[in-house]
Amino acid sequence: MASVWDTFTKAELLDQWWGPKPWFTETKSMDFKEGGQRLYAMCGPEGEKHWALSDFTSISPKANFKFLSGFCDENGNINKEMPLSKWNIDFIDKENTTFVTIAIKHETLVDLEKIIAIGFKEGFTIALNGLDEFITNSKNN
């Protein structure tokens, strides 16, 4: 289970799978602790950069963490025109398998619709497929 937890909580591993290919992430800073933050850019194939900030609100090591996520500039100033997302990620170890449950909540249906309209559902699905590939390749090395 520790290796799956690490893929979500260590910047050097997150940057290897978080993002829908051909996009990728570059973490500018990350302090994984309650009250800490991750500031990163989603980088596109033509040099585009879209910044995001995660504020870690709760961490139960190797079991769960929560954060508030929003779009921002390269200095971490939140874009108030875009909605914030509340994330809750659970890790449950059963036998030789780690199950990860991700719940993402928004304040309103309009906020959710804004996130869907920018392609979040498709992009996150591709990113999670990248996670599967990353973990499989890590086991084989």
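Let us look at the structure shown here. (Residues numbered from 1 in each chain as written. Predicted model: local features only at pLDDT ≥ 70, side-chain atom pairs only at ≥ 80, totals over all residues. Heavy atoms only, no water.)

Points about the overall build of the protein chain
Phase 1 of the analysis: Across its full length, the protein chain carries 4 helices and 6 strands.
Phase 2 of the analysis: In terms of overall dimensions, the protein chain is globule-like: its C-alpha atoms have a radius of gyration of 15 Å, near the 14 Å expected for 141 residues.
Phase 3 of the analysis: Projected onto the principal axes, the alpha-carbon positions of the protein chain cover approximately 45 × 35 × 25 Å.
Phase 4 of the analysis: Relative to its full complement of 141 residues, the protein chain shows a buried share of 35%.
Phase 5 of the analysis: Here the analysis covers contacts within the protein chain between residues at least 6 apart in sequence; of these, 34% occur between residues at least 24 apart.
Phase 6 of the analysis: As displayed, the protein chain has an accessible area near 8,600 Å², and 52% of this comes from carbon and sulfur atoms.
Phase 7 of the analysis: Here the protein chain carries 15 positive and 21 negative side-chain charges, and the mean point of each set is 4 Å from the other. (Helix = DSSP H or I, 4+ residues; strand = E, 2+ residues; numbered from the N terminus. Rg over C-alpha atoms; globule rule 2.2 N^0.38 Å. Buried < 20%, exposed > 50% of the residue type's maximum accessible area, 1.4 Å probe, protein only. Contact = heavy atoms within 4.5 Å. Areas by Shrake-Rupley, 256 points an atom, 1.4 Å probe, with all protein chains shown as cover. Lys, Arg positive; Asp, Glu negative; His and termini not counted. Charge placed at Lys NZ, Arg CZ, Asp CG, Glu CD.)

Observations concerning the pairing of strand β2 (residues 37-43)
Phase 1 of the analysis: In terms of residue burial, β2 counts as a mostly covered element, since 6 of its 7 residues are buried.
Phase 2 of the analysis: As paired elements, strand β1 (residues 24-30) and β2 share 6 bridges and run antiparallel to each other. Residue pairing in the sheet places Glu26 in a bridge with Ala41 of β2.
Phase 3 of the analysis: Linking two consecutive strands that pair antiparallel, namely β1 and β2, is a turn of 6 residues; a positive phi of about 90° is found at Gly35 within it.
Phase 4 of the analysis: Pairing of β2 with strand β3 (residues 49-60) involves 7 bridges; the strand directions are antiparallel. Bridging across to β3, Tyr40 finds its partner in Ala52. (Pairing = 2+ DSSP bridges.)

A short note on the pairing of strand β6 (residues 97-105)
Phase 1 of the analysis: In this sheet, β6 lies alongside strand β5 (residues 85-94) in antiparallel orientation, the contact comprising 9 bridges. Across the sheet, Ile92 pairs through a bridge with Phe99, a residue of β6.
Phase 2 of the analysis: In sequence, β5 turns back onto β6 through a hairpin of 2 residues, with Glu95 there showing a positive phi of about 55°.

Description of the sheet that holds strand β4 (residues 64-72)
Phase 1 of the analysis: Strand order in the open sheet made by the 6 strands is β1-β2-β3-β4-β5-β6, with antiparallel pairing throughout. The outermost strands of the open sheet, each flanked by one partner alone, are β1 and β6. Averaged over all adjacent pairs, the angle separating strand axes in this sheet is 25°, with direction ignored. (Axes fitted to C-alpha atoms, helices over the stretch in contact; angles between N-to-C directions.)

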